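# Tertiary structure, described
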Amino acid sequence: ARKALLDDAARFASAIAPNDSWWKEPLTQGADPRFPNPASEPVLAAQQHLLDEALSNLDDERPDVTDLYFVGFAGDAREDVFRKDVLAAQRVMDERWGTEGRSLALINNPRTLLEAPAATVTNLRETRNEIGAAIDADQDVVMIYLASHGSRRHVLEVALPPLELAPLTAPALRGLLDAAGIKWRI
């Protein structure tokens with residue numbers, strides 16, 4: 001009888017208790033198992049490299065030419081529409097307005113965590129500083145394309161759960177541009 005009870009318990013154990021291996025990391029609530037956790041070490045380790053690479057791939061300004069630089073910022077990872085919107089805008093700017101080589105996208109999205117630098121205020125600051133140092137401030141133009149949820153108080157949502165990221169405010173954005181010496185801005 002004891003053996004029959006143990007056999008029944010083993011058969012039904014997975015129905016009444018979790019049977020995940022003890023070495024598996026639990027998923028963040030609502031996380032998609034197809035994509036890495038934004039707070040995982042591989043993602044965090046890759047982010048600085050991705051930003052450095054994107055910034056080093058920017059072409060320098062050309063003397064006596066008004067260059068246009070494009071920076072896309074997809075701030076909210078909870079909806080894929082912001083990633084798609086920024087990438088579509090970058091493609092249009094590169095093809096129609098000649099920003100190829102002078103454009104980059106900062107993206108919060110589970111699909112691009114190991115491919116694109118994250119859209120954070122810190123990464124935007126580093127991007128602005130790099131572009132500010134590379135441009136001719138008297139003639140070159142910098143366009144920032146922001147895609148996310150906003151509020152009536154002019155606060156742009158910046159979200160990449162489970163990370164806690166600072167929102168982007170209008171005064172903060174202006175301060176970033178002013179500090180980088182970027183006069184001509186869209």
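Residues numbered from 1 in each chain as written. Predicted model: local features only at pLDDT ≥ 70, side-chain atom pairs only at ≥ 80, totals over all residues. Heavy atoms only, no water.

## Re the pairing of strand β3 (residues 141–147)
Among the 7 residues of β3, 5 are classified as buried, and the element is accordingly described as predominantly covered. The pairing of strand β1 (residues 68–74) with β3 spans 7 bridges and is classified as parallel. Each bridged residue has a counterpart across the sheet, and for Phe73 the counterpart in β3 is Leu146. Here β3 runs beside strand β6 (residues 184–185); their pairing, made up of 2 bridges, is parallel. (Buried < 20%, exposed > 50% of the residue type's maximum accessible area, 1.4 Å probe, protein only. Helix = DSSP H or I, 4+ residues; strand = E, 2+ residues; numbered from the N terminus. Pairing = 2+ DSSP bridges.)

## Quick notes on the side chain of Arg83
For Arg83, the location among the structural elements is in helix α3 (residues 81–97). Reaching out from Arg83, the side chain makes a polar contact with the side chain of Asp80 at a distance of 2.7 Å. If sequence neighbours within four positions are ignored, Arg83 has contacts with Ala74, Ile107, Asn109, Arg111 and Thr112. (Polar contact = N/O pair within 3.5 Å; in protein donor to acceptor, adjacent residues only side chain to side chain. Contact = heavy atoms within 4.5 Å.)

## Some points on a negative patch on the surface
There is a patch of like negative charges on the surface, built from Asp52, Asp59, Asp60, Glu95, Glu100 and Glu130. Position of Asp60 among the secondary structure elements: in the loop between α2 (41–56) and β1. (Patch = residues over 30% accessible without salt bridge, like charges linked within 9 Å, V, L, I, M, F, W, Y side chains within 5 Å. Areas by Shrake-Rupley, 256 points an atom, 1.4 Å probe, with all protein chains shown as cover. Salt bridge = Lys/Arg side-chain N within 4 Å of Asp/Glu carboxyl O. Lys, Arg positive; Asp, Glu negative; His and termini not counted. Charge placed at Lys NZ, Arg CZ, Asp CG, Glu CD.)

## Brief notes about the packing of helix α4 (residues 121–134) against helix α5 (residues 170–179)
Running from N to C, α4 and α5 cross one another at 30°; their axes reach a closest spacing of 8 Å. On the basis of their axis angle, the class for α4 and α5 is roughly parallel. The chirality of how α4 crosses α5 is right-handed. Only Leu173, Leu176 and Leu177 of α5 make contact with α4, whose side of the interface consists of Leu124, Arg125 and Arg128. Among the residues making up the contact of α4 with α5, the classes are represented as 4 nonpolar, no polar and 2 charged. (Axes fitted to C-alpha atoms, helices over the stretch in contact; angles between N-to-C directions. Parallel < 35°, antiparallel > 145°, perpendicular 65-115°, else oblique. Left-handed = near helix turned anticlockwise from the far one by under 90°. Nonpolar A, V, L, I, M, F, W, Y, C, P; charged D, E, K, R; others polar.)

## Some points on the sheet that holds β6
Pairing is parallel in the open sheet, where 4 strands are placed in the order β2-β1-β3-β6. In this open sheet, the two edge strands, each paired with only one partner strand, are β2 (103–107) and β6. The sheet strands contacting α4 are β1, β2 and β3, and the helix crosses β1 at an angle near 180°.

## Considerations on the environment of Pro38
If you trace the backbone, Pro38 turns up in the loop between α1 (2–16) and α2. The class of Pro38 is buried, set by a relative accessible area of 10%. With 123 residues separating them along the chain, Pro38 and Pro161 place their C-alpha atoms 7.1 Å apart. Not counting chain neighbours up to four residues away, the residues in contact with Pro38 comprise Val43, Leu44, Leu113, Leu160, Pro161, Pro162 and Leu163.

## Describing the environment of Leu106
For Leu106, the location among the structural elements is in strand β2. Residue Leu106 is classed as buried on the basis of its relative accessible area, which comes to 0%. Sequence-wise, Leu106 and Ala119 are 13 residues apart; in three dimensions their C-alpha atoms are separated by 4.4 Å. Excluding residues within four positions of it along the chain, Leu106 makes contact with Leu51, Gly72, Phe73, Ala74, Pro117, Ala118, Ala119, Asn123, Leu124 and Thr127.

## Considering the nonpolar core
Residues Phe73, Leu104, Leu106, Leu124, Ile131, Val142 and Leu168 are the most contacted members of the largest nonpolar core, which totals 24 residues. Mapped onto this core, the elements with two or more residues apiece are α2, β1, β2, α4, β3 and α5. If we skip the residues at most four places from it in the chain, Ile131 touches Leu58, Tyr69, Val71 and Val142. If you look at the next biggest cluster of nonpolar residues, it comprises 7 residues, including Phe82, Val86, Ala116 and Ala147. (Core = buried A, V, L, I, M, F, W, Y, C linked by side-chain atoms within 4.5 Å.)

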